[in-house]
Amino acid sequence: MAGAPVPVAGTLALPMAGHLLFNQPAGTIQAIRLPSLEANVIKPASAGSDDLATIHALSGPDRDGRIAYIEDHYFVADKSQQRHLLKTVRVDGTQDGEVFSRRGGALWAKTPAGHGEIGSQLALSPTGGHVAFLSGLVPVELPSAYLHVGNLEVWNVCNKAGGKRLATVLDEGLAWFPDGRRLALVRLLDPTALPTVSEPPAELGQTFRAWGKVPAVFVLNLDTGTETFLAEGWRPVVSDDGRSILVMDREGQARVVDAGSGRPLALRVPGRDCPRLIASPAPGQFLALCRPGAGEPIELSTRNSPLVGAKPLLTVRFIRTDSGKRQAVVRAVDPRTVVSFGADSGESE
């Protein structure tokens with residue numbers, strides 16, 4: 001990976017207050033506060049080389065200033081000590097504590113269900129202290145795609161209780177509603193299993209159709225345990241008001257649907273140059289990871305696999321699709337970096 005992400009100098013007129021989070025090598029968690037762009041290290045690098053911790057997944061902060069993360073101890077001198085932990089820490093670096101610890105690495109643990117213990121998605125509810133993630137991953141091979149499904153687990157970090165809720169959830173997005181009781185997740189379905197009223201625009205999801213399987217976003221209600229189909233697509237982003245959800249296809253195309261009915265909303269979305277959407281603080285407003293724009297220098301990652309090589313670094317941008325305004329917030333973000341955003345309580349509009 002490259003060095004730490006770099007805040008973009010200048011005055012930011014962002015209608016939001018919160019923190020962007022980034023995982024860094026050797027178990028470091030970095031935070032950048034918006035709109036001031038003040039950077040600080042929440043969790044410093046692990047000490048010593050015999051038990052090197054890395055951050056496998058990261059989410060938050062929630063409205064109480066709490067962060068959830070999976071700390072992986074795979075690189076240890078004694079292989080019997082390999083373990084991974086679900087932990088929380090406050091955004092000021094205090095109250096770093098454990099929710100649970102499990103044997104084996106988060107990425108490489110062998111389980112009866114398959115190979116790969118914890119998915120890439122970790123979602124912390126804005127309120128209520130609920131953390132959602134996938135465990136026991138198994139691969140799904142499709143034409144030109146290698147995906148994973150796993151068991152959805154939901155834990156409460158306040159009482160340190162939780163466990164498995166659902167099986168065969170696709171590791172392509174988990175997103176909480178602001179009430180902390182509903183969770184958007186993704187299933188992989190046969191096209192015949194989709195409601196006939198769910199057809200997206202013809203240009204959306206062409207690769208999905210070629211697979212013969214279709215990712216679909218569902219909403220899980222924790223109180224009732226019921227799932228409701230919402231829309232075709234994956235990598236859902238729930239707006240901060242909970243009224244709409246953005247869904248994407250594999251080509252980076254996106255659309256916004258009503259969170260209650262799934263019907264399309266007439267809202268513009270970021271273009272394909274922004275492959276990862278981080279948050280939607282208001283209708284037509286997005287924080288997104290985007291490729292360098294025209295005339296911008298292209299920076300490359302420095303710690304790379306010899307099989308893949310260097311990767312162009314990305315930029316976090318604040319985007320207003322209603323006006324077309326784009327503002328760079330943080331640059332030099334490695335595409336392998338976990339990026340999360342949490343709004344402060346009592347934020348401005």
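Our structure's up above, just so we're on the same page.
Procedures and definitions
- Residues numbered from 1 in each chain as written.
- Predicted model: local features only at pLDDT ≥ 70, side-chain atom pairs only at ≥ 80, totals over all residues.
- Heavy atoms only, no water.
- Core = buried A, V, L, I, M, F, W, Y, C linked by side-chain atoms within 4.5 Å.
- Buried < 20%, exposed > 50% of the residue type's maximum accessible area, 1.4 Å probe, protein only.
- Helix = DSSP H or I, 4+ residues; strand = E, 2+ residues; numbered from the N terminus.
- Contact = heavy atoms within 4.5 Å.
- Pairing = 2+ DSSP bridges.
- Salt bridge = Lys/Arg side-chain N within 4 Å of Asp/Glu carboxyl O.

J.: How should the nonpolar core be read in this particular structure?
T.: Generally speaking, nonpolar side chains in soluble globular proteins are found buried as a group. Judged by nonpolar contacts, the single largest core of 33 residues is most densely connected at Leu147, Leu170, Trp211, Trp234, Ile245, Leu246 and Leu277. Of the residues forming this core, the biggest block, four residues, is contributed by strand E20 (residues 244–248). When sequence neighbours within four positions are dropped, the list of residues in contact with leucine 246 reads Arg235, Pro236, Val237, Ala254, Arg255, Val256, Val269, Leu277 and Phe286.

J.: I'm lost on the pairing of strand E8 (residues 97–103) in this one. Help?
T.: On a regular strand, one side chain projects to one face of the sheet and the next to the other, so that they alternate. In this structure, strand E7 (residues 83–90) lies alongside E8, joined through six bridges in antiparallel fashion. Looking across to E8, one finds that arginine 83 is bridged to arginine 103. Hairpin geometry of E7 and E8 is characterised by an intervening segment of six residues between the two adjacent antiparallel strands and by a positive phi of about 90 degrees at glycine 93.

J.: Sorry, what's going on with the environment of arginine 243 here?
T.: Here arginine 243 shows up in the loop between strand E19 (234–238) and E20. Separated by 77 residues in sequence, arginine 243 and leucine 166 place their C-alpha atoms 24 Å apart. In this structure, arginine 243 is in contact with Val257, Asp258 and Ala259, ignoring residues within four places of it in sequence.

J.: Please clarify how the environment of isoleucine 278 should be interpreted in this entry.
T.: Considering the arrangement of structural elements, one finds isoleucine 278 in strand E22 (residues 276–282). Under the relative-accessibility criterion, isoleucine 278 is labelled buried at 17%. Measuring from C-alpha to C-alpha, the distance between isoleucine 278 and valine 237 comes to 7.2 Å, with 41 residues separating the pair along the chain. Those residues within four positions of isoleucine 278 in sequence are excluded, and the remaining contacts are Val237, Leu287, Ala288, Leu289, Val316, Val339, Ser340 and Phe341.

J.: I tried to follow the environment of asparagine 40 on my own but got confused; where do I start?
T.: Structurally, the position occupied by asparagine 40 is in strand E4 (residues 39–43). Measuring from C-alpha to C-alpha, the distance between asparagine 40 and glycine 60 comes to 15 Å, with 20 residues separating the pair along the chain. Excluding anything up to four places from it in sequence, asparagine 40 contacts Ile29, Gln30, Ala31 and Val91.

J.: Mind showing me how you'd approach the pattern of salt bridges here?
T.: Note on pairing: side chains with opposite charge can pair once their charged atoms come close. Counted by the stated rule, this structure contains 20 salt bridges. Linking aspartate 96 and lysine 43 is a salt bridge whose minimum nitrogen-to-oxygen distance equals 3.0 Å. Of the two residues, aspartate 96 sits in the loop between E7 and E8 while lysine 43 sits in strand E4, which places them 53 residues apart along the sequence. Since its relative accessible area comes to 36%, aspartate 96 is described here as partly exposed. Relative accessible area serves as the criterion here: at 12%, lysine 43 is assigned to the buried category. Close ionic contact of arginine 182 with aspartate 179 constitutes a salt bridge, the shortest N to O distance being 2.8 Å.

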